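Spelled out, the chains give:
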Amino acid sequence: MVHVAVLPQEVQSMLAPGPGSRFIDCTVGAGGHALALLTASQPDGHLLGLDADPVALARAHERLVTGGIATSQFHLCHGHFRDLTTLAEVAQLVQVDGILIDLGVSSYQLDTPERGFSFRADGPLDMRLDPTRGPTAADLIAELSEQQLADLIYRYGEERGSRRIARLIVEHRRHTPITTTATLADLVTKAIGRGGRDRIHPATRTFQALRIAVNDELEQLTSVLPQAVALLRSGGRLAVISFHSLEDRIVKQFFRDESGYGGSMNERTPHLRIITRKPIIAGPDECDVNPRARSAKLRVAEKL
């Protein structure tokens, strides 16, 4: 499946690329947003694209070149956005006009069973965005205690049945290792059932929790936000697309803190002006074409 960038028109409108604009795409993915930004930045625009997934970088490179962008106008780098400052300095791209952080997992990653992100097709229980490093989801399932698993699933998945799920995981792994997505999905369904008011698969929150933990996603987000602000020029904008409440809460609170929200109770010097008082969400037409856009929320702030 070809990955479709979410909220493309809204991102373009908020970051307002023009001739010679300089951007950083912290999660370049398949290059959809990057291509649009560079196309609108002709001539002489430049973009640094980061991604933890080497496959994504190859796909982004192909998309940009096919889209008519000269290789001298972009630099793609394998890395994690918690290292944004170092990577931007190496690429000599600081004081930029805009920075985009799209926190979603790509359609390609979700639809590739070997990556282990989805319960919709059986595959190894991996879930690493960067397949070159770090423990897999199977490693966490095998090594964490019942209490640690329950806490992880509840904290990162907001799953109320986390204790039942953790208990069944530990019981199962005593005699058989849990190494595939299908096995884990079946265990979660057995633990909490298929009922409830939510119209999502019962394993959705557990898989989300493990993916967040494997990739250290919330800690990376907390780390990258102040780095991004420091790399923006005055008047430059930071745009963040989140896909679940935990991410959105971090972005919202950071923007509030850095904008001096709270009056006398906030003693920080304001560094940002919030552009989106409420997050921008996808319209029904986009959601019909790209269902994953339904959960996307775009927040934007401008550096003072």
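For the structure itself, consult the block above.
All of the points below concern the structure found in this document. (Residues numbered from 1 in each chain as written. Predicted model: local features only at pLDDT ≥ 70, side-chain atom pairs only at ≥ 80, totals over all residues. Heavy atoms only, no water.)

### Notes on the overall build of the protein chain
Our working definition: Comment: elements are numbered from the N terminus, with helices defined as DSSP H or I runs of at least four residues and strands as E runs of at least two. Think of it in three bands: with a 1.4 Å probe and only protein chains considered, a residue is buried below 20% of the maximum accessible area for its type, exposed above 50%, and partly exposed in between. Note on areas: Shrake-Rupley, 1.4 Å probe, and residue coverage restricted to the protein chains presented here. The convention is simple: Lys and Arg are positive, Asp and Glu are negative, and His and the chain ends are not counted. Lys charges are placed at NZ, Arg charges at CZ, Asp charges at CG and Glu charges at CD.
When helices and strands are counted, the protein chain shows 13 helices and 7 strands. Principal axes of the C-alpha set define a box for the protein chain whose edges measure 60 × 50 × 40 Å. Looking at the protein chain as a whole, 53% of its 304 residues qualify as buried. Within the structure as shown, the protein chain displays about 14,400 Å² of accessible surface, and the carbon and sulfur contribution to it stands at 52%. Charged side chains in the protein chain number 35 positive and 36 negative. The centres of these two groups are separated by 6 Å.

### A closer look at the packing of helix 8 (residues 162-173) against helix 9 (residues 181-192)
The relative placement of two packed helices is expressed as an angle between their axes plus a distance between the axes. The criterion, for reference: Think of each axis as a best-fit line through the C-alpha atoms, taken over the contacting stretch in the case of a helix, with angles from 0 to 180 degrees between the N-to-C directions. Roughly parallel refers to an angle under 35 degrees, roughly antiparallel to one over 145, roughly perpendicular to one between 65 and 115, and oblique to any angle outside these ranges. By convention the crossing between two helices is left-handed if the near helix lies anticlockwise of the far one by an angle smaller than a right angle, and right-handed if it lies clockwise. When checking whether two residues touch, look at their non-hydrogen atoms; a contact exists if any pair is within 4.5 Å. Polar here means any residue outside two lists: the nonpolar Ala, Val, Leu, Ile, Met, Phe, Trp, Tyr, Cys and Pro, and the charged Asp, Glu, Lys and Arg; Gly therefore counts as polar.
It is the contact of helix 8 with helix 9, at a shortest axis distance of 9 Å, that shows an interaxial angle of 130°. Compared by their axis directions, helix 8 and helix 9 come out oblique. The two elements helix 8 and helix 9 cross, and the hand of that crossing is right-handed. Mapping the contact onto sequence places R164, I165, L168, I169 and H172 in helix 8 and T183, L184, L187, V188, K190, A191 and I192 in helix 9. The residue makeup of the contact of helix 8 with helix 9, split by class, is 8 nonpolar, 2 polar and 2 charged.

### Notes on the pairing of strand 5 (residues 232-242)
Under the convention used in this document: By this definition, two strands are paired if DSSP reports at least two bridges between them.
Buried residues dominate strand 5, accounting for 8 of its 11 residues. Here strand 5 pairs with strand 7 (residues 297-303) via 6 bridges, running antiparallel. The residue bridging A239 from the neighbouring strand is V300, located in strand 7.

### Brief notes about helix 10 (residues 204-215)
Going by this rule: Here the expected span of a helix is defined as 1.5 Å times the quantity of residues minus one.
Here helix 10 spans 17 Å end to end across 12 residues, near enough to the 16 Å set by a 1.5 Å rise per residue. Counting buried positions over the 12 residues of helix 10 gives 9, a clear majority of the element. Within the span of helix 10, buried status applies to T206, F207, Q208, A209, L210, R211, I212, V214 and N215. Where helix 10 is buried, its residues meet helix 6 (137-143), helix 7 (146-157), helix 8, helix 9, helix 11 (217-231) and helix 12 (245-258). Just downstream of helix 10 lies D216, where phi reads positive at about 55°.

### Let's talk about the packing of aromatic side chains
Where we set the bar: In summary, the pairing rule links any two rings of Phe, Tyr or Trp, Trp by its six-membered ring, whose centres are within 6.5 Å, and it sorts them by plane angle into stacked for under 30 degrees, edge-to-face for over 60 and tilted for everything else.
Taken as a whole and judged by the stated rule, the model has 2 aromatic pairs. Considering the side-chain rings of F119 and F207, the 5.2 Å spacing of their centres and the 90° angle between planes classify their relative orientation as edge-to-face. One end of the pair, F119, is in the loop between helix 5 (107-110) and helix 6; the other, F207, is in helix 10, with 88 residues separating them in the sequence. The burial state of F119 is the same as that of F207; both residues are buried. Residues F254 and F255 carry aromatic rings whose centres are separated by 6.3 Å and whose planes lie at 50° to one another, so their mutual orientation is tilted. For the pair formed by F254 and F255, the shared burial category is buried.

### Let's talk about the nonpolar core
As a reminder of what qualifies: Here the nonpolar core consists of buried residues drawn from Ala, Val, Leu, Ile, Met, Phe, Trp, Tyr and Cys, with membership extended through side-chain atoms lying within 4.5 Å.
Residues L125, I141, L152 and L184 are the most contacted members of the largest nonpolar core, which totals 34 residues. Among the secondary structure elements, those contributing two or more residues to this core are helix 6, helix 7, helix 8, helix 9 and helix 10. Not counting residues up to four positions away in its chain, the partners in contact with I141 are L125, L149, I169, R173, I178, L184 and L210.

### Re the environment of V188
Here V188 is to be found in helix 9. In this structure the C-alpha to C-alpha distance between V188 and R164, which are 24 residues apart in sequence, comes to 8.5 Å. Setting aside residues no more than four positions away along its own chain, V188 makes contact with I165, G193, P202, A203 and T206.

### Here's the deal with the side chain of Q208
By the secondary structure assignment, Q208 is in helix 10. The contact partners of Q208, leaving out residues within four places of it in the chain, are Y156, G157, H244 and L246.

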